[in-house]
Amino acid sequence: MTGPIRQEGGGVRGWPLILLRMEGLAILALTVFLYQRTGASWWLFAGLFLVPDLSFLAYAIGRGAGTVAYNMTHSEVGPVILAAAGLTVMPVLLPIALIWGAHVGWDRMLGYGLKYATSFDHTHLGPIGKAARLKTS
C-alpha cells in the first residue's frame, strides 16, 4: 500500500509523519527568519506566540466549538491571509502573521495536528495525549 497509513483519529505514521513534522520545522524556521527581517520586537513575538492556544477556551462551550476554534487558529490559512494583507494593505499585520505561522509550525513540528470532533486527542497527525498512551499499551 502506498501513501499515508490511516490510524484512529486520522493520523499517519512512518515517513509521511516524519515529513509532516519536518514541514512544521521548515515553516517555523522560515517564519522566524522572516520575522527577524521585519525588525519587529522580539517581545512582541514572545507575547503573541501562544495566543492561538487561547482557542482551547472554546472547548468550554463544547467539543464541536472547541474543534472549530482550534482548527481555525492552527491552520496555515489564517496566517497566510493575514500575511497577504500585511504585504498589500496594512504592513503592521505582517509580523503578527509571521508569529501566528511560527506557532502553527511549532505545533506541527511537535506532532500536534488539527483536531477531529471525536476527541481532543484525535488529530490529523495521529493520536496525542491519552489516546496515544492507550494506543501504545
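Predicted, not measured: the structure shown is a model, and the values here were computed from it.

(A) Representation of the sheet that holds strand E1 (residues 115–116) in the model. With antiparallel pairing, three strands are arranged side by side in an open sheet as E1-E2-E3. Sheet topology places E1 and strand E3 (126–127) at the edges, where each strand pairs with a single neighbour. Pairing of E1 with strand E2 (residues 119–123) involves two bridges; the strand directions are antiparallel. Along E2, the bridge assignment pairs tyrosine 116 with serine 119.

(B) Highlighting helix H1 (residues 15–38). For H1, with 24 residues, the first-to-last C-alpha span of 34 Å sits near the 34 Å given by 1.5 Å per residue. Buried within H1 are the following residues: Leu17, Gly24, Leu28, Thr31 and Tyr35. Those residues of H1 that are buried are in contact with helix H2 (42–48) and helix H5 (93–110). Glycine 39 occupies a position one or two residues after H1 and carries a positive phi of about 80 degrees.

(C) Inspection of the nonpolar core at higher detail. With 13 residues, the main nonpolar core has Tyr35, Phe45, Phe49, Ile99 and Ala102 as its most contacted residues. At the level of secondary structure, the elements contributing two or more residues to this core comprise H1, helix H4 (77–88) and H5. No other element matches the six residues that H5 contributes to this core. When sequence neighbours within four positions are dropped, the list of residues in contact with isoleucine 99 reads Tyr35, Leu44, Phe45, Leu48 and Phe49.

(D) Quick peek at the side chain of histidine 74. For histidine 74, the location among the structural elements is in the loop between helix H3 (63–73) and H4. Looking at histidine 74, the relative accessible area reads 0%, which means it is buried. Within the local environment of histidine 74, its side chain forms a polar contact with the side chain of histidine 103, the two groups lying 3.1 Å apart. Excluding its chain neighbours within four sequence positions, the residues that come into contact with histidine 74 are Pro52, Asp53, Ser55, His103, Val104, Asp107, Arg108 and Leu114.

(E) A look at a nonpolar patch on the surface. A cluster of nonpolar side chains, namely Trp15, Ile18, Leu19 and Met22, defines an oily patch on the protein surface of about 460 Å² accessible area. The exposure class assigned to tryptophan 15 is exposed, which follows from its relative accessible area of 64%.

(F) Expanded view of the confidence of the model for the protein chain. Across the protein chain, the average pLDDT comes to 87, with 85% of residues at 70 or higher. Across residues 1–9 the pLDDT falls below 50, and counting only partners more than four positions away or on other chains, this stretch makes 17 contacts in the model.

(G) Region of the structure containing the packing of aromatic side chains. All chains considered together, the criterion is met by six aromatic pairs. When the ring of tyrosine 35 is compared with that of tryptophan 42, the centres are 5.0 Å apart and the planes differ by 65 degrees; the resulting orientation is edge-to-face. You can call tyrosine 35 buried: its relative accessible area is 0%. Aromatic side chains phenylalanine 49 and tryptophan 106 sit 6.3 Å apart centroid to centroid with 75 degrees between the ring planes, which places their arrangement in the edge-to-face category. In this pair, phenylalanine 49 sits in the loop between H2 and H3 while tryptophan 106 sits in helix H5, placing the two residues 57 residues apart along the sequence. Of the residues examined, phenylalanine 49 reaches a relative accessible area of 14% and is grouped as buried. Aromatic ring contacts, followed pair by pair, group Tyr35, Trp42, Phe45, Phe49 and Trp106 into a single cluster. Directly above the ring of tyrosine 70 sits lysine 115, whose terminal nitrogen or CZ lies 4.7 Å from the centroid.

Calculation rules
Residues numbered from 1 in each chain as written. Predicted model: local features only at pLDDT ≥ 70, side-chain atom pairs only at ≥ 80, totals over all residues. Heavy atoms only, no water. Pairing = 2+ DSSP bridges. Helix = DSSP H or I, 4+ residues; strand = E, 2+ residues; numbered from the N terminus. Expected span 1.5 Å × (residues − 1). Buried < 20%, exposed > 50% of the residue type's maximum accessible area, 1.4 Å probe, protein only. Contact = heavy atoms within 4.5 Å. Core = buried A, V, L, I, M, F, W, Y, C linked by side-chain atoms within 4.5 Å. Polar contact = N/O pair within 3.5 Å; in protein donor to acceptor, adjacent residues only side chain to side chain. Patch = residues over 30% accessible without salt bridge, like charges linked within 9 Å, V, L, I, M, F, W, Y side chains within 5 Å. Areas by Shrake-Rupley, 256 points an atom, 1.4 Å probe, with all protein chains shown as cover. Salt bridge = Lys/Arg side-chain N within 4 Å of Asp/Glu carboxyl O. pLDDT = per-residue confidence, 0-100. Phe/Tyr/Trp six-rings, centres within 6.5 Å; stacked < 30°, edge-to-face > 60°. Lys NZ or Arg CZ within 6 Å of the ring centre and 35° of its normal.

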